[in-house]
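Residue-level listing of the chains:
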Amino acid sequence: MITPKIVKAFNEQLNAELYSAYLYYSMAAYFESINLAGFANWMMIQFQEEQFHASRFYRYINERGGRVLLTAIESPPTEWDSPLAVFEATLTHEQKVTGLINDLVYLVRDERDNASEIFLQWFVSEQVEEENSVGTVLGQLKIIKDSPQALLMLDRELSQRAFTPPAAEGSA
């Protein structure tokens, strides 16, 4: 049985993952509005990944005998100054999520919940990947600076990204 303290924290994280999905959906809409369909695609994949993350928490809470409680999702930003500004905001957001996941790890260790700690290890690894992925695009945007040709080449490259859910691994 999962403790009420962990259920509360996991529900908060589930809702944080849904906010992340909402944020990336907003970023995708921004990119569509400025005719960068490849960048929009990249953000749509982020949106799908965040929905998948929320689903993992949803299933895990239920499997451990907890109750999922959904709360209101804050409105995300809708405007940015540039693609570079979007990816700077994305990296900042992913670093915040990494902190939230790390705090959950510390909580489940304090609560001596080994199953939950194992569950969270997937998210710890995922955040390393997330920050690296965002950092790569951010680095490319910094190199591009004000080159519209290079921006369009990167847009074309980002259009190739596809969402592939990880293989099923128990409740995770």
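Scroll up to find the structure this text is about.
Residues numbered from 1 in each chain as written. Predicted model: local features only at pLDDT ≥ 70, side-chain atom pairs only at ≥ 80, totals over all residues. Heavy atoms only, no water.

### A short note on the overall build of the protein
Selection criterion: In this text, helices come from DSSP runs of H or I with a minimum length of four residues, and strands from runs of E with a minimum of two, each type numbered from the N-terminal end. Atoms considered for the radius of gyration are the C-alpha atoms alone. The globule rule reads 2.2 Å times the number of residues to the power 0.38. Residue exposure (1.4 Å probe, protein chains only): buried if accessible area is under 20% of the type maximum, exposed if over 50%, otherwise partly exposed.
Each helix and strand counted, the protein has five helices and zero strands in total. Starting at the N terminus and ending at the C terminus, the protein contains elements arranged as α-α-α-α-α. In terms of C-alpha radius of gyration, the protein reaches 17 Å, essentially the compact-globule figure of 16 Å for 172 residues. Taken along the three principal axes of its C-alpha coordinates, the protein extends 55 × 30 × 25 Å. Classification of the 172 residues of the protein by burial places 45% in the buried group.

### Digging into the packing of aromatic side chains
The test is simple: Stacked, tilted and edge-to-face are the three classes applied to pairs of Phe, Tyr and Trp rings, where Trp contributes its six-membered ring and a pair requires centres within 6.5 Å; stacked means planes under 30 degrees apart, edge-to-face means over 60, and tilted covers the rest. Charge over a ring is defined by NZ of Lys or CZ of Arg lying within 6 Å of the ring centre and within 35 degrees of the ring normal.
Tallied over the entire structure, the rule returns 17 aromatic pairs. Ring geometry for phenylalanine 10 and phenylalanine 57: centres 5.3 Å apart, planes at 85 degrees, overall edge-to-face. Taken together, the positions of phenylalanine 10 in helix α1 (residues 4–33) and phenylalanine 57 in helix α2 (residues 37–63) put the pair 47 residues apart, joining distant regions of the chain. Take phenylalanine 10 and phenylalanine 57: they sit in the same class, and that class is buried. Geometrically, the ring pair formed by phenylalanine 31 and phenylalanine 87 is tilted, given 6.3 Å between the ring centres and 40 degrees between the ring planes. Remark: phenylalanine 87 occurs in helix α3 (residues 83–110) and phenylalanine 31 occurs in helix α1; sequence separation between them is 56 residues. The same class applies to phenylalanine 31 as to phenylalanine 87, namely buried. These aromatic residues form a ring-pair network of at least three members: Phe10, Phe52, Phe57, Tyr60, Phe119, Trp122, Phe123 and Phe163. The residue whose ring lies beneath arginine 56 is tryptophan 122, and the NZ or CZ to ring-centre distance is 3.7 Å.

### Some remarks on α2
We apply this condition: Multiplying 1.5 Å by the helix residue count minus one yields the expected span of that helix.
An ideal rise of 1.5 Å per residue puts 39 Å on 27 residues; α2 measures up with 39 Å between its terminal C-alpha atoms. Among the residues trailing α2, glycine 65 stands out with phi positive, at a value near 90 degrees.

### Quick word on a nonpolar patch on the surface
Rules: Patch criteria: residues need more than 30% relative accessible area and no salt bridge. Like-charged residues are merged within 9 Å; nonpolar side chains of Val, Leu, Ile, Met, Phe, Trp and Tyr are merged within 5 Å. Reported accessibility uses the Shrake-Rupley method at a 1.4 Å probe radius. Residues are deemed covered only where the shown protein chains occlude them. Within this document, salt bridges are pairs made up of a side-chain nitrogen of Lys or Arg and a carboxyl oxygen of Asp or Glu, the two lying within 4 Å of each other.
A grouping of Tyr22, Tyr25 and Ile73 is seen on the molecular surface, where their side chains present a nonpolar patch of about 280 Å² in accessible area. Secondary-structure assignment places tyrosine 22 in helix α1.

### Observations concerning unusual backbone geometry
Phi at asparagine 35 is positive, roughly 65 degrees, even though this residue is not glycine. With respect to the helices and strands, asparagine 35 occurs in the loop between α1 and α2. Looking at asparagine 35, the relative accessible area reads 66%, which means it is exposed. The residue arginine 112 is not glycine, and still its phi comes out positive at about 60 degrees. The residue arginine 112 is located in the loop between α3 and α4 (114–144) in this model.

### Quick word on the environment of serine 116
Here is the rule we go by: In this description, contact between two residues means that some pair of their heavy atoms is separated by no more than 4.5 Å. Polar contacts, as counted here, are pairs of nitrogen or oxygen atoms within 3.5 Å of one another; within protein the pair requires one atom able to donate a hydrogen and one able to accept it, and residues that are adjacent in sequence qualify only if both atoms are side-chain atoms.
The topology assignment puts serine 116 in helix α4. Taking the C-alpha atoms as reference, serine 116 lies 8.7 Å from tyrosine 60; in sequence the two are 56 residues apart. If we skip the residues at most four places from it in the chain, serine 116 touches Ile2, Ile6, Phe10, Tyr60, Arg64 and Val108. Here arginine 64 takes part through its side chain, which lies 3.1 Å from a polar atom of the side chain of serine 116.

Read these as layout, nothing more, since geometry by itself doesn't imply function.
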